[in-house]
Amino acid sequence: MTKVTAQMSVSLDGFYTGPRDPRDPGDMSGWMGGPEAPGFFRVTRWAVDAMAWRERQGFAGGEQSVDSEIVAETFAAAGAYVMGRRMFDAGEVPWGEEPPFQAPVFVVTHRPREVLERRGGTSFTFVTDGFERAVELAKAAAGAKDVAVAGGGELLRQVLAAGLLDQLELHIAPVLLGDGQRLFDAGLGLGLGADDGIELVPARVVDAPGVTHIRYTVAGRSKLVLDDRGAGGELVGPGRG
């Protein structure tokens, strides 16, 4: 059965890049000198150093490690991708004529564009009627494989909040960035009330020297329950017990 999955590299304090750069993300030279890039490259260092990532990008070298195995596993599982327009704009030029996806990619956008065909099996289809439609199209294209939400963080949160995400994998780098774009924080669109939560079940933990990989199965929304087990059936508060 096709799953909708997502994976994201984050710092220990939850940031996946440095502070948002207001400039055009397609301006790579400007972006590299801006506030986002240092944090982004720090939390994704584990992947950039992995042999499987470098091979997929057409580069030589890299380390054959458990990190590389996880990168290879992630690519192999995906039959189609969904991504946000900002991520596509930032990646179109550096990905070149043979992007690493080697599968159909559905780009959520408000700006229409003709389907972009690339070598190696990658195509970019620009979906203007919402992320739900993009996920639907990706499921139809994925065959027996999974649909991977490739980013960015805003799209991942939308898919999670809509109850469409089945699996989330976080790659936690042992660094504190202090500021930046946080993957999960108050006011980021999850639509949760004070007594609501989205439950996740840890499915796998892989501890590597430079990163910890934690895979979760998304169990869905549930109501939070007060736990009074330490009070003999009654909550203990000021002046009680």
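Here the structure is a predicted model, which means the values were calculated and not measured.

Asker: Can you help me understand unusual backbone geometry in this one?
Answerer: Leaving glycine out, the prevailing phi sign among residues is negative, and the prevailing peptide bond configuration is trans. Following Gly151, the chain continues into Gly152 via a peptide bond in cis, with omega recorded as 0 degrees. Looking at the element boundaries, Gly152 is found in the loop between β7 (146-151) and α8 (153-161). Positive phi is not limited to glycine here, since Gln102 has a value of about 55 degrees. You can see Gln102 is positioned in the loop between α6 (85-95) and β4 (104-108).

Asker: Please clarify how the pattern of salt bridges should be interpreted in this entry.
Answerer: Close approach of charged atoms allows side chains with opposite charge to pair. Considering all chains together, one arrives at 15 salt bridges under this definition. Residue Arg113 pairs with Glu92 through a salt bridge whose shortest N-O separation is 2.7 Å. Within this pair, whereas Arg113 is found in the loop between β4 and β5 (116-117), its partner Glu92 is found in helix α6, the two being separated by 21 residues in sequence. Arg113 gets classed as partly exposed once you look at its relative accessible area, which sits at 34%. Note that Arg215 and Glu169 form a salt bridge whose closest N and O atoms lie 3.4 Å from each other. Pair noted here: Arg215 is in strand β11 (residues 211-223) and Glu169 is in strand β8 (residues 167-173), with a separation of 46 residues, a long-range link.

About the criteria used
Residues numbered from 1 in each chain as written. Predicted model: local features only at pLDDT ≥ 70, side-chain atom pairs only at ≥ 80, totals over all residues. Heavy atoms only, no water. Helix = DSSP H or I, 4+ residues; strand = E, 2+ residues; numbered from the N terminus. Salt bridge = Lys/Arg side-chain N within 4 Å of Asp/Glu carboxyl O. Buried < 20%, exposed > 50% of the residue type's maximum accessible area, 1.4 Å probe, protein only.

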